[in-house]
Amino acid sequence: MYSYHRPVLSQSLITGLTLKPGENYLDATVGGGGHSQMILESHQNIQLTAIDRDAMAIAEASRVLSQYGDRVSFWRGSFSQYDPGQLKFAGIVADLGVSSAQLDLPERGFSFRETAALDMRMDNRQELTAGDIVNYYSEKDLAEVFFKYGEERLSRRIARAIVQNRPLTTTTELAEIVFLSVPVSYRHGRIHPATRVFQALRIVVNQEIKELERFLELSPMWLKPKGILAIISFHSLEDRLVKHSLRNNSLLDVLTKKPIIADAQEEMQNPRSRSAKLRLAQLR
């Protein structure tokens, strides 16, 4: 049993989707099945396709959603590689980023809170790991990764320290090198100095930005007329990409001039929601 925490912005998402009976919906990042379950509960004859590239997520969602029988179908893979064929959806949901369950399992290597191998693969069928990047990328390339995908202003300094201390094999080793490489004043800020480095590595390992770009290009074509695309992002790189892609797509009308964010009550009950932003668009 894996700990999939409660889905974020769930009520806003369900309201924004304007769910209708007899329609097909796509959960492009099913995770633990929380959003999918709310969609299926809204009407008895809704059909849902649930996809994820993480085998752990597919297994847990299959368990959670088993009560809905053949109203749910599953597909394992990246949402950018999915092909619905002739099927069109009345709504598509994507909850981006790393899940709580992935962070909470040390062996996945997403977190530096406990010692584990530098992995960070959402799909364990792929070869590239965070350890490969840390130990074999050049100093220049590492700095670029940290600056571009982690928005880390001390990227060069951190990259230099990593190269000088290679090989690094565990999450805590890497976090310690990052911690010691930055000024004392930088070590005790609002977040751990390694947070942005780990984010950047995770994004590159899983090609998250490229996958999202492709998904944003394809997914509007999977919608029925007046169908709704709902995307929840958790950091500025994702949100900027979603914002501009929805706005610049001639097929879509943006329904959220500003992103929907969690209210104070949800933030208190679910800390993960503090950074969440929901954007909605409708096929013309």
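A brief structural summary. These numbers come from a predicted model, not from an experiment.

Describing the overall build of the chain
And then number 1: A tally of helices and strands in the chain yields 13 helices and seven strands.
And then number 2: Over its C-alpha trace the chain gives a radius of gyration of 19 Å, about what one expects of a compact globule, namely 19 Å for 284 residues.
And then number 3: In terms of overall dimensions, the chain has a C-alpha envelope of 60 × 40 × 40 Å along the principal axes.
And then number 4: Burial statistics for the chain: of 284 residues in total, 54% are counted as buried.
And then number 5: Taking the intrachain contacts of the chain between residues at least 6 apart in sequence as the baseline, contacts between residues at least 24 apart amount to 70%.
And then number 6: If you average the places of the 36 positive and of the 33 negative side-chain charges in the chain, the two averages end up 7 Å apart.

What to know about the nonpolar core
And then number 1: By size, the foremost hydrophobic cluster in this structure holds 59 residues, and its most contacted members are Phe 146, Ile 162, Leu 174 and Phe 215.
And then number 2: Leu 13, Leu 17, Tyr 68 and Ile 228 belong to the second-largest nonpolar core, a separate cluster that totals 29 residues.

Thoughts on helix H8 (residues 171-181)
And then number 1: Those residues of H8 lying buried are Thr 171, Leu 174, Ala 175, Ile 177, Val 178 and Ser 181. The buried side chains of H8 occupy one side of the element, clustering within an arc of 160° when seen end-on.
And then number 2: Structurally, H8 contributes buried residues whose contacts are with helix H5 (130-136), helix H7 (155-164) and helix H10 (195-205).

Notes on helix H6 (residues 139-150)
And then number 1: Relative to the 16 Å expected for 12 residues at 1.5 Å per residue, H6 spans 16 Å between its end C-alpha atoms, a close match to the ideal helical length.
And then number 2: All of the buried residues in H6 are Leu 142, Ala 143, Val 145, Phe 146, Tyr 149 and Gly 150.
And then number 3: Along its buried surface, H6 packs onto H5, H7, H10, helix H11 (208-218) and helix H12 (236-248).
And then number 4: Of the residues one or two after H6, Glu 151 is the one with positive phi, at around 50°.

Structural notes on the pairing of strand S2 (residues 47-52)
And then number 1: In terms of burial, S2 is a largely internal element, five of the six residues being buried.
And then number 2: Both strand S1 (residues 24-27) and S2 contribute to a ladder of four bridges, which runs parallel. Within S2, the position partnered with Tyr 25 by the bridge is Leu 48.
And then number 3: Taken together, S1, helix H2 (residues 34-42) and S2 form a β-α-β motif whose crossover is right-handed.
And then number 4: Of the strand pairs in this sheet, S2 and strand S3 (residues 72-76) are connected by five bridges, and their pairing is parallel. Note that in S3 the partner of Thr 49 across the bridge is Ser 73.
And then number 5: You can see the chain leave S2, run along helix H3 (residues 55-64) and come back into S3, and the turn it takes is right-handed.

Cut-offs used in this document
- Residues numbered from 1 in each chain as written.
- Predicted model: local features only at pLDDT ≥ 70, side-chain atom pairs only at ≥ 80, totals over all residues.
- Heavy atoms only, no water.
- Helix = DSSP H or I, 4+ residues; strand = E, 2+ residues; numbered from the N terminus.
- Rg over C-alpha atoms; globule rule 2.2 N^0.38 Å.
- Buried < 20%, exposed > 50% of the residue type's maximum accessible area, 1.4 Å probe, protein only.
- Contact = heavy atoms within 4.5 Å.
- Lys, Arg positive; Asp, Glu negative; His and termini not counted.
- Charge placed at Lys NZ, Arg CZ, Asp CG, Glu CD.
- Core = buried A, V, L, I, M, F, W, Y, C linked by side-chain atoms within 4.5 Å.
- Arc of directions from axis to C-beta.
- Expected span 1.5 Å × (residues − 1).
- Pairing = 2+ DSSP bridges.
- Right-handed = clockwise from strand over helix to strand, strands pointing away.

On their own, these measurements won't tell you what the molecule is for.
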